[in-house]
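# A structural walkthrough
What follows is each chain in one-letter form.
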Amino acid sequence: MTKASMSKRRQEGGDETSVRERILEAAFAAFMKSGYATASTLAIATRARVSKRELYALVGDKQEMLIACISERAKRLDVPADLPVLRDRETLAQVLTSFGTKFVREVSDPTVIAVFRLAIAEAAQAPEVARALNSIGRETSRAALRKIMAEARGAGLLTGRPAELAEQFAGLLWRDLMVSLLLGVAARPNPREIAGRARDAAAAFLQLHPLPNDGRLGHNAIR
């Protein structure tokens, strides 16, 4: 395809950003329909209405498309820049509840559950799917929680290793929901249920980790 025709196509389909988004949408749809290992770049390019040359120029090969798809979703699970300063346990409870609500809302989205199912289904034939999901998608949420726990420990609101604290809170937050969603035996919780789950997890977590010499403070801060 000539530069002139590529330029014309981009003008018809929007700027490079919108074309890239269209490619990623097409890639995700192809992965869901055919599986990552089976989906071809030609099929993705055809679905996105671009040439293979344009596809590689704007996104890259199939693995780069997979990583981009996961990375775009993972950005939503980062710690916000305007995170409140953790001066007391009440603020910590609010931050954990807010993050937990967003965490469950984003990960329980049917699109994200579909990616987890894809990674499981392709574990033998295309293990790079699971590796990408774990190192990019799951690590983003883990890192965000570790950051919150590290700041809470630095403020004297918690004791313990941030990584272990983060894993414990995540366990209280999810319980068996993720497995149930993957198996299709549970419906996605509604917004009220998600918020309640996050509040309960924050309350249980702080009760398990009272301040030294004041075992009641964690309970009082979240009443």
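Rules of the game
Residues numbered from 1 in each chain as written. Predicted model: local features only at pLDDT ≥ 70, side-chain atom pairs only at ≥ 80, totals over all residues. Heavy atoms only, no water. Helix = DSSP H or I, 4+ residues; strand = E, 2+ residues; numbered from the N terminus. Expected span 1.5 Å × (residues − 1). Buried < 20%, exposed > 50% of the residue type's maximum accessible area, 1.4 Å probe, protein only. Polar contact = N/O pair within 3.5 Å; in protein donor to acceptor, adjacent residues only side chain to side chain. pLDDT = per-residue confidence, 0-100. Contact = heavy atoms within 4.5 Å. Patch = residues over 30% accessible without salt bridge, like charges linked within 9 Å, V, L, I, M, F, W, Y side chains within 5 Å. Areas by Shrake-Rupley, 256 points an atom, 1.4 Å probe, with all protein chains shown as cover. Salt bridge = Lys/Arg side-chain N within 4 Å of Asp/Glu carboxyl O. Axes fitted to C-alpha atoms, helices over the stretch in contact; angles between N-to-C directions. Parallel < 35°, antiparallel > 145°, perpendicular 65-115°, else oblique. Left-handed = near helix turned anticlockwise from the far one by under 90°.

Another aspect to go through is helix H6 (residues 89-107). With 19 residues, H6 ought to run about 27 Å at 1.5 Å a step, and its terminal C-alpha atoms sit 26 Å apart, in line with that. Among the 19 residues that make up H6, 15 are buried, leaving the element largely enclosed by the rest of the structure. N-cap assignment for H6: the residue whose side-chain oxygen lies 3.2 Å from the backbone N of Glu90 is Asp88.

Now for the confidence of the model for the protein. A residue-level look at the protein finds 86% of positions with pLDDT of 70 or above and a mean pLDDT of 86. Here residues 215-223 is a poorly scored stretch, pLDDT under 50, and it has twelve contacts once near neighbours within four places are set aside; other chains count.

The next point concerns helix H7 (residues 110-121). Its twelve residues give H7 an end-to-end C-alpha distance of 16 Å, which sits within 8% of 16 Å, the value for a rise of 1.5 Å per residue. Those residues of H7 lying buried are Val112, Ile113, Ala114, Val115, Phe116, Leu118 and Ala119. One side-chain oxygen of the residue at the start of H7 lies 2.8 Å from the amide nitrogen of Thr111, identifying that residue as Asp109.

Within the fold, His209 resides in the loop between helix H11 (191-208) and helix H12 (217-220). Separated by 2.3 Å, the side chains of His209 and Gln168 make a polar contact. Residues within four places of His209 in sequence aside, it is in contact with Arg89, Leu158, Thr159, Leu165 and Gln168.

On to a nonpolar patch on the surface, then. The grouping of Val179, Leu183 and Val185 at the surface amounts to a nonpolar patch, some 320 Å² of accessible area in total. Summarising the element assignment, Val179 is placed in helix H10 (residues 177-183).

A few words on the pattern of salt bridges. Here the idea is simple: oppositely charged side chains can pair when their charged atoms come close. The full count for this structure, using the stated rule, is three salt bridges. When the shortest N-O distance is used, the salt bridge between Arg142 and Glu139 registers 3.2 Å. Of this pair, Arg142 and Glu139 both sit in helix H8 (residues 128-154), three residues apart, which is roughly one turn of the helix. Accessibility expressed as a relative area gives 18% for Arg142, which makes it buried. The salt bridge partner of Glu164 is Arg161, with a shortest N-O separation of 3.3 Å. Bridged by salt links that share partners, the residues Glu139, Arg142 and Arg146 form one connected network.

One way to put it is that helix H2 (residues 16-34) packs onto helix H3 (residues 41-48) with a least axis distance of 8 Å and a crossing angle of 130°. On the basis of their axis angle, the class for H2 and H3 is oblique. Two packed elements cross with a definite hand, and for H2 against H3 that hand is right-handed. For the pair H2 and H3, contact is made by Arg22, Ile23, Ala26, Ala27, Ala29, Ala30, Phe31 and Lys33 and by Ile44, Arg47 and Ala48, respectively.

As a further point, take unusual backbone geometry. Although it is not a glycine, Arg49 sits at a positive phi angle of roughly 60°. Secondary-structure assignment places Arg49 in the loop between H3 and helix H4 (52-58). On the basis of relative accessible area, Arg49 is assigned to the exposed category, the value being 52%. Although it is not a glycine, Arg175 sits at a positive phi angle of roughly 50°. Within the secondary structure layout, Arg175 lies in the loop between helix H9 (162-174) and H10. Note on Arg175: relative accessible area 54%, which makes it exposed.

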